[in-house]
Structure formats: structure tokens, C-alpha cells
Amino acid sequence: MKTRRYAIVIDTLRCIGCADCVVACKTENEVPEGYCRDWITEATTGTFPELHTEYRSERCNHCSNPPCVHACPTGASFVADGSNVTLVDPELCTGCKSCIAACPYDARFVLPEGYVSKCTFCMHRVEVGLDPACVSACPTRCMAFGDCNDPDSEVSRLLRTRTWKVIAPEAGTEPNVYYLT
Amino acid sequence: MNNRRSFLKIGALGLGGLAVAPTLMRRRADASATFPVQPGDSVTMTPTYCEICFWQCAGWTFTKNGRPWKIVGNPDDRHSNGRFCTRGTGGMGAYTDPDRLRTPLLRVEGPDGQHFREATWEEAFDYIAEKLNHVRSTYGGESLAMFSHGNGATHFKTLTKAFGSANITAPSYAQCRGPRDDAFLLTFGETVGSPERTDIENSRCLVLIGSHIGENLHNGQVQEMATAIERGAEIIVVDPRFSVAASKAKHWLPIKPSTDLALLLAWIHVIVEEGLYDREYVDRYTTGFDQLKAAVASNTPEWAYPITTLHPDVIRETARTMARNAPATLVHPGRHVTWYGDDTQRSRAVAILNALLGSWGRKGGFYFPSEVAFEDEPHPPYPKPRWTWADLAPDAYPFASSSIASLIRDATADPSMAPDKPIKAWLVYGSNLIYALPEPEKTIQAIQNLDLLVAVDIQPAEICGWADVVLPECTYLERYDDIRTSPGRVRQIALRAPAFEPSFDTKPAAWMVKQLAPRLGLEAWFPWNDMEEWLDRRLAQVGSSLEEMRRIGVKTLDGEGPLYLAEGEAMEFNTPSGRIELASEQLAAAGFDAVPRYTPHDEPPPGYYRLLSGRSPAHTFARTINNPLLNEIQSENDLWVNTVTAEDWGLKNGQEVRLRNSAGRISTFPIRVRVTERIRPDSLYMVHGFGHTEKLLTKAFGRGADDNELIENVKIDPLMGATARRNTFVTFEIEETGVEAV
């Protein structure tokens, strides 16, 4: 079976940190009040008036080497067949938080129901050919979603032609959310 | 739509097949139960256009199993290009907000003083009609003033005109974009409109003067700015604050606030003196060049340096950058421009600069918009008012092109201004005047002089607390409104249709007007039974129907005009000279500067800082703070304080302070300090709209501070009556000690 390496590539030159991606995710996925699966980080360096500010839309990195899945004692955290997308089975999850401790991105949380939740890369949308809600909502079109194993995909093209970085590469998780700089 | 609904169902079914990488599982795991769409779910889509701000993006309201789900943009819509902004995406929160108004309220006098009691619609309408009929018979229909914001106001405006009043107003003019509109009228004979006719996506150079696109989420402009960035446009941002736009810019000019006009004149000076202007364009279309040249002769970059604190080399370099990219250089006119009291003249300088660069009517500058206009249904002529708002101060504001909300407020507060023109009733539709007009104590004083204040709103905004009658409207997701016809590159219309039945005992404005009109003897102006009938007849004018629009949401009509001037095309401008007026004879004739001239503004006293305010991408004015979805993104504002200033006062990041203005007024609520390098040390900044005092707004009450209550030293633009916000100087009230640190 063909393996897909799904990624989101985010152009920080376009991103304005407006958090539309956060609201789009919350409504699409009915994330309860008080929780979010994606969020905005602002990073400012320099001193007045020589400044640089970067906004980043952050979420689960759907790592190719996912520490959350390795850490899960029940098998609730798993990698979807045929891709790198990490998901959580609420029936198997005991809410032990091992995955939360293992995740270097702080991408996971425990819902009041007692199981862990996080970004799914909107697999229910991807399965029918739609982009994840965050990607499709973004007014600046700063995000692209696709398969890095497909050299003709938009994400592959962007990663070939632009400079990029990932968050916490030193963690060895092989993250799949990229930031164009 | 049906296809889309089926797709979702198929997708949900398909997800059952998800399996687990063998090396990582103990037994088969399945996350599909957590996915938002499950087999058998019933999904509906209803067209709407957004009411959360004035951009009016068209989209689809989704329900799932009859419950609210999400709102997304309509791909056919040129306002949104299929993508809503943060606020539009969060529009569902307006519907789900548990703090919404639920039933009509009547102010009554009880043994313990005044309070509201719940009323039936009949009672509310009877009360309003009795008071309004008394106002009309005693003072005349002119004594009713209507304040509005938003698209639901259509029929209330008709009602007001039929009642005999032309005093229909909105703070969006004299408290926001008015100076810009009048400056462009004076220069080009046309305004820039809304959405603005700015061709940002094709701009090679974009100049933003205090305009923080990206924080103000005017959707189309934000999208086009991102496109311009992608295409390598050179962005120049003039702002005391390192705004989001500044962070995208090639040149950030951290100007000393209140000196923008000096910079603009220096730019004009450079472009004129170095011969960088578009000679052919200036010769063909403009008048007054020699007068302009003489007027700016002394406005050198060296002259502007000590005023603006911007180095002459930077001023020259940015002027040359603009000229190099012209005519695809857009010096953006901004939107909220009521800053210092000479805002029309500052906006005139923006218009003149654009004219010199030849950007009006040119690709990458300002395009010529197209729009759709509907004929009103036949109705009796409106009674001719004996006086209008313009007669309240007949010798002032000769260039006001629209009614001045603050003037109507002031005349209500001080009847001696125009003793024979009393304003005795206010109808306030969706406009929280306590937060929208400066000097709220004047607004409250005016309200004391009224026989009747009716507030129509969806939430218990502060203005409702001052009303005699509160009429609870259903949200935009629960009603039809007028067809969207606003201008753009193509002629488009959009429909707003209800996705839900009205909640609680709320009603659409159209229904309210239909009930009220016969009680005022005005039913002849409303010859329709309901909005469906009214809209269907309206849509027939353009060969469409309600049925079609319910299906497609947005329709593009033929007949758009050319976007740009053709090479060498002759053009008659709607100005007295028929040309673009670099020097304005009509301004000179009225005793104003024909060419803008810089005059210094007041400076903060020692220990005080200039208070600046702006927008958040998560909120619109003061009207969305209680929206549960948007409140989660931003529940309070913070106070931007430069690191050096914070050190001077011993302020820590996150510390709560109150602000005191130079008149001694202290903010009702404290605000958290945000220590940052991203602002000049002489200025403070907060997002407008927070610090609500209405406890019924449970998520907004007491969160953050309200800049509006601190606005002082309100200079009024003598050309058109705009009220300036930025001559406000504040200092810190440190919470822990209760005494002022020095």
C-alpha cells in the first residue's frame, strides 16, 4: 500500500497570526470551549526599532517518529494505516497522559470525558479530497497541505524551492509541519 | 449543495477503514468516533453574508442534525474568495451566545427606582408608537434621530424617513472613515467606497500610514496584501507601533505620532522637486500643480526630520521607492482615520500623493469599481423635513458629505445649540453608542433629554441599559436582510437567508418595522408581507429569484466597467474643475488651506504618553467581545508599553494597571501590561472595544480596558465634523501601591 507523508507547510511571510485557523478548527471539529487543537505563537526578536516578528500557526506535527505513539501504554495513540497521521482511539485511551509528557509540541490535552484529543489533520476531510479546516479557512492562504511523498505536490514543491524550518528538530521526532521563512 | 452533503456522508463512512501501523499497535485502534461527521449525519448549508463586520463576506452556514456547526466562505464571492476571516468563521458564536437578549424589555418606574421588565412585542410597539406619535405631533417628525450600524437597518431607515426625519446617522462616518471619504471627494470627486477600491493584489509598492491591515481583518485587503507579499511588493509602513503589517514591510517608519502630515508633505516635496511624479498623468488629469509645488517648497525631508523623527535619507528613499513602482504604488487611504482633528487635510495629502504617482484608475493603485443598485418599490413620497442634522450647526463643517453622529448627539445633549430643532427620540440600531462616540458622558447627558430611546440589538450592549425600550433582534443567522450590493471588481449580489428559526422571543428588524409602521400610520411605505416576498421582487429586477439565490448564495451579474483608465483616456472628474484637484479652490473659498499645511498637535505633558488604539483580528469594535468563540481567541486587551517605559515605571509583563488621562479620568477597569519592543517609548497602545461595564455580558464584563472612556481633548475637524481620538494623554495608576509612581 502506498504510504503518504502528509504535511502542512506554513509560509511565515504571509501568516498574520489572525487565529482564523484556530476558530475554523474549533468549529469544524467541535472542540469544546476551553480547548484548542491549533494555536498561534508570536516570536519577536531585536530591539526597537530593529525588529523581527514571526507568527506561527502550530499544532500536532504528525511526526514520522512519533513519541506519543511510542509512549502510549494502551495502543490508543496510533498511526493511521498508510500515512503518518497520528490519532487517538477514545475507547482505548485511559487518560494517563504519557503521550502528553512525551510530546515536545504540547499538542495534546485531556478532554473532560477522560481521553486525549488533538489535531487529526482533519482526516475526515482529507479522505474526501478537502484540505484540513485550518488550511482551507486561512485568509492569507499561508498554509498548504499535501503528501511529501508525492514530488509533484504543492508541499513538496514549496519545500524544494523555499527555505524552511521545523520546530524542535533536535527532539528527533521528524515533524511534518514546516515553516517557510 | 446536495453533492457536497453526500460527499461528507461518504467521507464519514470511509473513515471506518482506518487501521494502525502494525509495529506500533497492540490491537486495532479506531479514531473515527472522534471525527465530527458520522454516518447518517444530516448536514445543511444555507447562504449568508457576514454581519460580524462591514466587509459583508458571503458564505455558507452549516448545520448538522439541526444544530449549529460552522460557517465557511462561498468560493464564488469576491469579497471573501471562499475564505472567511477569524471573526466571520466565529460568527456562529453570535448565535450560540447564551447572554443574548431574549425578550422585549420596557423601562418601568418601581418603588425601588427604575428597572426593566420583560414585555410582549405588542406592549413594546404600543409604547414606542405612543411616544413617537407624541414626538411627531409636538415637535415634528424631524425630532426623531436614528443611529445605525449594519445591514438589518434597511427598513428602520425607511421608517425614519417616512416619519419625516432625515436625521439618519452612523458613527462610521465622523468617528471613523469620514475624513478619508471627504478628502477623496475633494480631490478626485469620488470616495474610495467600502470595500475600498484598492488594487492591492497588483500593487508593486504598498504604503500604509497607521493602517494595520492584518490586525484589522478587512478580509479582501488582507488576502490581497498576502498576495502582494508573495509577488514581492515593497511595503512601507508608517506606524509608531511595529504592527503585523510592519513586520511584513521592507521599510518600517516608526513615526512620532501626530506628525504624519509632515511626512506626507516631505514625500510630496521629494516627488515634486526630484521630478518623480507622473508628468503625463498630472498634465492630463490634475489641476493646481504649481500651487502645490509652491506650497510644499519648504517641506524638505530635513524640515520633517525633527518633527517626525524620521531620517531624511529614509524619507527620500521611501519616496523614490514609491515613484519607482508607480503607478502600481498604492498609498492606502486607511479606514479609521479620525485621529488629530485635521484628518481631512491629512487624507487630502494622501490623495494628492496618489495623484502625483498616477495611481488613481491605474493597475496596482485604485481601480474603478462596479456595483448593483436596486430600485425601491413604489411608495408615497417621503415627507420633506423642515430641517436636518446639517441645520444643527449651519455655519460649521461645510464639507460634511454625510450626517455627523456626534453632532446629533451634541445637539441632543445641549438643546440650546438649536432651540427650534429639538431632538427628542433616538432609534439606535446595532450601534453601541456608549463605546462608539467619544465622551460617553455627553452621550448619557443627551439621553437624559430624550422622550424616547429605543435600542434594537442582539445582545445587552451598554446602550440598551439606557434605553426605554429594548427590542431583541435575532442574529444575522436567523433572518433575511437586504441583498448585498456593495462594490467590487465585478457586479455581485449576495443573499442572507436564515439558517435557524429566531431563538427565544427575538425577531428580525423587518418584522418589527412591519408591526410598528401601522401604529405610526406609515404602513403605505411597506407594501409587502414578509422579507421573502420583498426579496423575491427585488431579485426579479436583476433576473434572479429568492429560490435561485437560496441555492447559489452569490451571483455575478454582467455589466462591470473597465477597472483602469485606458492609455491616454480622457476623464471628467466630479470636482468643480472636472480635474483631480491638487490644490482645492473650493477649500480656499471656504477659508481652508487649498494645499494641506502641517500644524503641530498637542504634546503629552511630562510623565504622560499618547494613547493609540486599533483593531484585533478576533474582534469588531466593541460588539464581538462576548461572542464565545471569539472571546476564547481574545478575552481582554493588553496595554503595549515599550521596554524602556516599563523600566521607568517598574512595570512587569502581565501586571495590571489603570490609566489616568490628563483630565484626571481613570479607567474603570485595569488592563494588563504587555512589555514590548514593538512600540515607541512615547506611546501606548491598546485594542479598542474592551472593558465592558454591562454585567449581563458575562464574558466581556470587566475584561480589559476601554480606550473610549479615556478619549479627551477631542478636536473636531472643521471641514466635516470628525471627532479626533488620538490627542489623548495617559499615565499609569499602579495597582499595588494605589499611588502614582514617579
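Before we move on, can you summarise the overall build of chain B with the specific residues and values?
Each helix and strand in chain B was counted, giving 23 helices and 24 strands. Counting only C-alpha atoms, chain B reaches 85 × 70 × 65 Å along its principal axes. Going through the 742 residues of chain B one by one, you find that 64% of them count as buried. Summarising the internal contacts of chain B: among those between residues at least 6 apart in sequence, 73% fall at separations of at least 24. Roughly 25800 Å² of accessible area belongs to chain B as shown, and the carbon and sulfur atoms make up 49% of that amount. Averaging the positions of the 78 positive and the 94 negative side-chain charges in chain B gives two centres separated by 5 Å.

Account for the overall build of chain A, with residues named and values stated.
Along its length, chain A carries six helices and 10 strands. The C-alpha atoms of chain A give 16 Å as radius of gyration, which agrees with the globular expectation for 181 residues (16 Å, within 12%). Taken along its principal axes, the extent of the C-alpha atoms in chain A is 50 × 40 × 35 Å. Considering only residue pairs separated by 6 or more positions, chain A has 55% of its internal contacts joining residues 24 or more positions apart. Approximately 6900 Å² of chain A is accessible, and the part contributed by carbon and sulfur atoms is 50%. Computed over 17 positive and 23 negative side-chain charges, the inter-centroid distance for chain A is 4 Å.

An account of the pairing of strand β8 (residues 205-209) of chain B is requested, with residue identities and associated values reported.
All names here are of chain B. The buried fraction of β8 is high, at five of five residues. Burial along β8 is two-sided: the residues Cys 205, Val 207 and Ile 209 and Leu 206 and Leu 208 are all buried. As judged from the five bridges shared by β8 and strand β9 (residues 234-238), these two strands associate in the parallel manner. From the neighbouring strand, Leu 208 faces β9, where its bridge partner is Val 237. Assessed by its sense of winding, the connection that carries the chain from β8 through helix α7 (residues 219-230) to β9 is right-handed. Note that β8 and strand β12 (residues 329-331) share three bridges and pair parallel.

Tell me about the interface of chain B and chain A, residues and numbers included.
Between chain B and chain A, the contact holds 56 residues from the first and 61 residues from the second. For the pair chain B and chain A, the summed buried area comes to about 4900 Å², and 60% of that belongs to carbon and sulfur atoms. For the pair chain B and chain A, the number of links is seven salt bridges. With a closest N to O distance of 2.8 Å, A:Glu30 and B:Lys64 form a salt bridge. Elements with a minimum of two residues in the side of chain B that touches chain A: α1 (2-14), β3 (67-73), α2 (86-89), α7, α8 (244-247) and α22 (628-633) of chain B. Considering each element in turn, the side of chain B that touches chain A owes the most residues, seven residues, to α7(B). Residue classes in the side of chain B that touches chain A are distributed as 28 nonpolar, 13 polar and 15 charged.

I'd love a proper account of the side chain of B:Asn708, names of residues and values included.
Residues and elements named next belong to chain B. In this structure, Asn 708 sits in the loop between β23 (683-687) and β24 (729-734). When its relative accessible area of 0% is taken as the criterion, Asn 708 is described as buried. Among the polar contacts listed, one links the side chain of Asn 708 to the backbone oxygen of Leu 437, at a separation of 2.8 Å. Each residue touching Asn 708, except ones within four places of it in the same chain, is listed here: Ile 434, Tyr 435, Ala 436, Leu 437, Pro 438, Pro 440, His 688 and Arg 725.

Talk me through the confidence of the model for chain B; I want residue IDs and the actual numbers.
Detailed reading of predicted coordinates is not advised where the pLDDT is low. Here chain B shows a mean pLDDT of 95. Residues at 70 or above account for 95%. In the model, residues 1-22 of chain B has pLDDT below 50 throughout and makes 46 contacts with residues more than four positions away in sequence or in other chains.

Please give an account of the pattern of salt bridges that cites residues and values.
All names here are of chain B. What the rule picks out here adds up to 63 salt bridges over all chains. The salt bridge partner of Arg 177 is Asp 181, with a shortest N-O separation of 2.6 Å. Residue Arg 177 and its partner Asp 181 are located together in helix α6 (residues 171-188), separated by four residues, close to a single helical turn. The partner of Arg 597 in a salt bridge is Asp 593, and the shortest N-O contact between them spans 3.5 Å.

Any details on the sheet that holds strand β10 (residues 251-253) of chain B? Residues and values, ideally.
Residues and elements named next belong to chain B. Across the sheet, four strands lie side by side as β10-β9-β8-β12; this open sheet has parallel pairing. With one partner strand each, in any of the chains shown, β10 and β12 form the two edges of the open sheet. Neighbouring strand axes in the sheet, compared pairwise and without regard to direction, differ in orientation by 10 degrees on average. Strands β8 and β12 of the sheet are contacted by helix α14 (residues 343-357), whose axis makes an angle of about 170 degrees with β12.

Can you lay out the nonpolar core for me, pointing to particular residues and giving the numbers?
All names here are of chain B. Ranked by internal contacts, the top residues of the largest apolar core, which has 123 residues, are Trp 267 and Leu 356. When residues of this core are assigned to domains, at least three map to each of domain 1 (2-96) and domain 3 (174-369 + 565-589). Apart from the residues within four sequence positions on either side, Trp 267 is in contact with Val 207, Ile 209, Ile 236, Val 238, Leu 253, Ile 315, Thr 318, Ala 319, Met 322 and Leu 353. Grouped together as the second largest cluster of nonpolar side chains are 50 residues, Leu 132, Val 456, Ala 497 and Ala 510 included.

Account for the packing of aromatic side chains, naming residues and giving values.
Residues and elements named next belong to chain B. Scanning the entire structure with this criterion turns up 32 aromatic pairs over all chains. When the ring of Tyr 285 is compared with that of Phe 573, the centres are 6.0 Å apart and the planes differ by 75 degrees; the resulting orientation is edge-to-face. A residue pair is termed long-range when its members are at least 10 positions apart, and Tyr 285 in helix α10 (residues 279-285) and Phe 573 in the loop between β17 (554-557) and β18 (580-581) qualify at 288 residues. On the accessibility criterion, Tyr 285 (4% relative accessible area) is buried. Through a chain of ring-to-ring contacts, three or more aromatic side chains come together here, namely Phe 184, Phe 188, Trp 360 and Phe 366. Looking at Lys 64, its charged tip hangs above the ring of Trp 69, at a distance of 4.8 Å from the centre. In this arrangement the basic side chain of Arg 335 is found over the ring face of Phe 54, its NZ or CZ atom lying 3.7 Å from the centre.

How would you summarise helix α12 (residues 301-308) of chain B if you had to cite specific residues and measurements?
Residues and elements named next belong to chain B. Among the residues of α12, Pro 301, Ala 304, Ile 307 and Thr 308 are the ones counted as buried. Seen end-on, α12 carries its buried residues on one side only, within an arc spanning 115 degrees. Structurally, α12 contributes buried residues whose contacts are with α9 (260-273) and α13 (312-325). In the segment just after α12, Thr 309 is the residue with positive phi, at about 70 degrees.

What counts and how
- Residues numbered from 1 in each chain as written.
- Chains lettered and ligands numbered in written order.
- Predicted model: local features only at pLDDT ≥ 70, side-chain atom pairs only at ≥ 80, totals over all residues.
- Heavy atoms only, no water.
- Helix = DSSP H or I, 4+ residues; strand = E, 2+ residues; numbered from the N terminus.
- Buried < 20%, exposed > 50% of the residue type's maximum accessible area, 1.4 Å probe, protein only.
- Contact = heavy atoms within 4.5 Å.
- Areas by Shrake-Rupley, 256 points an atom, 1.4 Å probe, with all protein chains shown as cover.
- Lys, Arg positive; Asp, Glu negative; His and termini not counted.
- Charge placed at Lys NZ, Arg CZ, Asp CG, Glu CD.
- Rg over C-alpha atoms; globule rule 2.2 N^0.38 Å.
- Pairing = 2+ DSSP bridges.
- Right-handed = clockwise from strand over helix to strand, strands pointing away.
- Buried area = accessible area lost by both parts, 1.4 Å probe.
- Salt bridge = Lys/Arg side-chain N within 4 Å of Asp/Glu carboxyl O.
- Nonpolar A, V, L, I, M, F, W, Y, C, P; charged D, E, K, R; others polar.
- Polar contact = N/O pair within 3.5 Å; in protein donor to acceptor, adjacent residues only side chain to side chain.
- pLDDT = per-residue confidence, 0-100.
- Axes fitted to C-alpha atoms, helices over the stretch in contact; angles between N-to-C directions.
- Core = buried A, V, L, I, M, F, W, Y, C linked by side-chain atoms within 4.5 Å.
- Domains from an automatic or database assignment.
- Phe/Tyr/Trp six-rings, centres within 6.5 Å; stacked < 30°, edge-to-face > 60°.
- Lys NZ or Arg CZ within 6 Å of the ring centre and 35° of its normal.
- Arc of directions from axis to C-beta.

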